[in-house]
Amino acid sequence: MAAAVVPLGFLALFFLWPVASLVGRGFVPDGVAPWNLSAWDLSGFGEVLARPRTWRIVRLTVALATVGTVGSILLGVPGAYLLYRCRFPLRGLVRGLVTVPFVLPTVVVGVAFRSLLAEGGPLGGLGLDGSFVAIVAALVFFNYAVVVRTVGGFWAQLDPRPEEAAAALGASPWRVLRTVTLPALAPAVASAAALVFLFCATAFGTVLILGGNQFGTIETEIYLRTTQFLDLRSAAVLSVLQLVLVAVVLWVSGRARSSRERALALTGARRGERPVRLSRPADVAAVATTALVVVGLLGWPMAHLVVRSLQTADGAWTAQHYVNLGTPGARSGLTVTVWEAAATSLRTALAAAALAVVVGGMIAFVVSRRPRSGTGRRALRLLDAVFMLPLGVSAVTVGFGFLITLDRPLGLDLDLRTSGLLVPVAQAVVAIPIVVRTVLPVLRAVDPRLREAAAVLGGSPWRVLRTVDGPLMARAVGLAVGFAFAVSLGEFGATSFLTRPDSATLPVVIFRLIGRPGAENYGTALAAAVVLAVLTASIMLLTERLRGDRHGEF
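First, a word on scope: everything that follows refers to the structure included in this document. (Residues numbered from 1 in each chain as written. Predicted model: local features only at pLDDT ≥ 70, side-chain atom pairs only at ≥ 80, totals over all residues. Heavy atoms only, no water.)

1. Some remarks on helix H10 (residues 218-227)
This is how the line gets drawn: Any residue under 20% of the maximum accessible area for its type is buried, any over 50% is exposed, and the rest in between are partly exposed; the area is computed with a 1.4 Å probe on protein chains only. Helix numbers and strand numbers start at the N terminus; a helix is a DSSP run of H or I with at least 4 residues, a strand a run of E with at least 2.
Most of H10 sits out of view: 9 of its 10 residues are buried. Listed as buried for H10 are Ile 218, Glu 219, Thr 220, Glu 221, Ile 222, Tyr 223, Leu 224, Arg 225 and Thr 226.

Dropping the structure here:
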């Protein structure tokens with residue numbers, strides 16, 4: 001019971017309450033408390049929904065998410081085949097490199113793509129800077145790893161004998177793929193598509209940097225309404241629209257995930273890996289597609305970011321931008337150096353990761369149980385959906401909700417908004433679903449008969465957890481720590497509301513440098529983005545070694 005009460009209490013205080021407080025403002029006039037039920041009306045919804053801008057933003061959000069999802073699936077499935085169904089030298093290293101973009105800070109990716117597509121960049125002549133195509137490319141950059149890992153982890157555990165039987169009966173490789181392999185992969189592809197759509201629909205930093213004034217999503221519109229217009233009612237109505245979209249996507253994701261788990265339970269764990277052979281057309285196509293994505297889409301923007309950080313505006317080579325990291329700069333408007341911001345980010349991310357792993361581990365433990373009654377199973381599915389809400393709810397909504405609710409929480413004479421703990425708590429809220437999806441598949445894979453046998457032999461619940469579940473989930477917990485740390489290190493949406501100038505994190509400092517005029521500030525932002533990218537990439541490459549052959553949601 002305590003394992004469920006603690007995370008429920010944490011999310012109720014630091015997620016549901018702030019989000020509900022902000023969303024509730026969409027039901028009352030300005031200046032009226034949202035809990036005053038007698039003052040509730042829907043005029044704010046009518047006003048916001050009557051604006052052509054609102055529906056343009058909604059259409060653009062859905063269009064970006066749809067195209068980004070399709071692109072990620074089309075490019076990710078060949079990568080899943082190559083990296084999880086085939087054997088070749090350095091496969092583990094390539095898997096790790098493919099994962100890095102998923103945890104890169106959105107600010108870093110936005111800066112990298114801007115440097116590549118802006119006037120004077122290698123692709124500046126294409127006129128894609130600030131375009132729909134640029135945003136979609138960045139979204140695919142982020143979510144390619146989600147498809148590769150979700151589909152690949154499932155594909156690696158499929159029994160290869162149906163494919164072999166179809167081939168033996170004379171089916172061509174294309175017919176085997178179309179009639180046997182793809183139908184078997186459908187649950188994993190649907191699960192990956194739902195997750196990618198969710199991530200694309202709630203993207204913030206990338207759209208904010210690459211979209212400019214021309215392209216915006218519900219997420220960036222909430223940010224604009226709260227920070228520039230202080231129009232909390234419109235922001236609340238938009239948050240409700242986003243919540244509806246998130247709820248639908250989470251429902252689809254849950255159904256797809258359940259189908260995938262049932263399919264894995266039926267197929268067993270017989271692996272069908274085989275060496276890559278360039279004599280097979282399927283292998284040639286997978287190698288070519290994956291190489292193009294890894295080098296062109298994933299590698300080129302980051303490589304160009306490093307090159308541009310070592311150049312002046314006229315193309316001369318210099319290390320001055322990295323020297324500037326040690327000083328605030330007279331024209332940067334900063335009160336801290338980039339190195340001080342990096343140290344703040346590391347401390348904050350460490351605290352957030354520890355908190356996310358503790359709370360997320362409890363959630364995974366609770367949701368992984370297998371109650372015998374139908375009511376118990378439905379209750380667990382409901383809890384699972386509730387715990388996943390932070391994955392899709394606007395980080396902007398969470399951050400601004402903190403500001404309007406945590407001045408005197410629960411009537412206590414304490415203003416948490418001035419506390420240094422608020423930023424790691426907000427980052428932990430964002431990272432908890434990632435922890436759950438990393439640990440939960442491992443716990444669900446534990447044979448319940450092992451726990452029952454240990455209990456029959458006199459083991460207490462704590463001892464059963466320590467001796468049965470603990471050794472099996474240790475590797476997944478280590479991976480969850482790395483994911484939580486990397487995600488917290490680059491979190492920007494909620495942090496941008498909560499951080500103070502003297503304790504700004506590295507993503508916030510990079511965004512502020514981009515917004516300041518002058519080539520010196522831009523060059524320093526590029527160098528700072530490289531530092532942040534190296535930190536997150538190093539963390540993920542180290543933690544990837546903990547994964548081994550276990551395949552979680554991410």
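2. Digging into the packing of helix H14 (residues 338-367) against helix H17 (residues 422-444)
Note the cut-off: Inter-axis angles, ranging from 0 to 180 degrees, are taken between N-to-C directions of lines fitted to C-alpha atoms, where helices are fitted over the stretch in contact. An angle counts as roughly parallel when it lies under 35 degrees, as roughly antiparallel when it exceeds 145, as roughly perpendicular when it falls between 65 and 115, and as oblique in every other case. In this scheme the crossing of two helices becomes right-handed for a clockwise turn of the near helix relative to the far one and left-handed for an anticlockwise turn of less than a right angle. Residues were grouped as follows: Ala, Val, Leu, Ile, Met, Phe, Trp, Tyr, Cys and Pro as nonpolar; Asp, Glu, Lys and Arg as charged; and all remaining residues, including Gly, as polar.
Relative orientation of the contacting elements H14 and H17 amounts to 40 degrees, with a least axis distance of 6 Å. With respect to H17, the element H14 is oriented oblique. As for how H14 packs across H17, the hand of that crossing is right-handed. The residue inventory of the contact of H14 with H17, partitioned by class, reads 22 nonpolar, 4 polar and 1 charged.

3. Side note on empty space enclosed by the protein
Quick note on the threshold: Of the two site types, the cavity is a set of points on a 1 Å grid over the protein atoms alone where a 1.4 Å probe fits but cannot get out, and the pocket is an open set with protein on both sides within 12 Å along at least five of seven lines, each lined by residues with an atom within 4 Å of a point. Grid points are joined across faces, edges and corners, and a volume is the space filled by probe spheres set on the points.
Taken as a whole and judged by the stated rule, the model has 4 cavities of 30 Å³ or more. When its volume is computed, the largest cavity comes out at roughly 670 Å³. Lining the largest cavity are 31 residues, with Thr 106, Phe 199, Thr 202, Val 430 and Val 487 sitting closest to its centre. Only helix H4 (91-103), helix H6 (132-155), helix H9 (205-211), helix H16 (395-405), H17 and helix H19 (461-490) provide two or more residues apiece to the lining of the largest cavity. The class makeup of the residues in the lining of the largest cavity is 21 nonpolar, 8 polar and 2 charged.

4. Some details on the pattern of salt bridges
Applicable threshold: By definition here, a salt bridge exists when the distance from a side-chain nitrogen of Lys or Arg to a carboxyl oxygen of Asp or Glu is within 4 Å.
A full pass over the atoms with the stated rule returns 8 salt bridges. With a closest N to O distance of 3.4 Å, Glu 163 and Arg 85 form a salt bridge. Of the two residues, Glu 163 is situated in helix H7 (residues 161-168) and Arg 85 in helix H3 (residues 52-85); the sequence distance between them amounts to 78 residues. Exposure class is identical for Glu 163 and Arg 85. Each is buried. Arg 225 is the partner of Asp 231 in a salt bridge, and the nearest nitrogen-oxygen pair spans 3.8 Å. Taken together, the shared-partner salt bridges in this structure form one network comprising Glu 47, Arg 51, Arg 53, Glu 221, Arg 225 and Asp 231.

5. Quick look at the packing of aromatic side chains
Rules: Pairing of aromatic rings covers Phe, Tyr and the six-membered ring of Trp, with a centre-to-centre limit of 6.5 Å; geometry is then stacked below 30 degrees between planes, edge-to-face above 60, and tilted otherwise. Whether a charge sits over a ring depends on NZ of Lys or CZ of Arg being within 6 Å of the ring centre and within 35 degrees of the ring normal.
By the definition in use, this model includes 11 aromatic pairs. When the ring of Phe 102 is compared with that of Phe 483, the centres are 6.4 Å apart and the planes differ by 75 degrees; the resulting orientation is edge-to-face. One end of the pair, Phe 102, is in helix H4; the other, Phe 483, is in helix H19, and 381 residues separate them in sequence. Just as Phe 102 is buried, Phe 483 falls in that class too. Joined through ring pairs, the aromatic side chains of Phe 204, Tyr 223, Phe 492 and Phe 511 make up one cluster. A cation over a ring is seen here: Arg 95 above Tyr 84, with NZ or CZ 4.0 Å from the ring centre.

6. Topic: the packing of H6 against helix H12 (residues 281-309)
Put simply, the test is: Whether two residues are in contact is decided by their heavy atoms: any pair within 4.5 Å suffices.
Interhelical geometry of H6 versus H12 gives an angle of 115 degrees and a closest axis separation of 11 Å. When the interaxial angle is binned, H6 and H12 end up roughly perpendicular. For the pair H6 and H12, the sense of crossing is left-handed. Within the contact between the two elements, H6 uses Ala 137, Val 140, Phe 141 and Tyr 144 and H12 uses Thr 290, Val 293, Leu 297, Leu 298 and Met 302. Class assignment for the residues of the contact of H6 with H12 results in 8 nonpolar, 1 polar and no charged.

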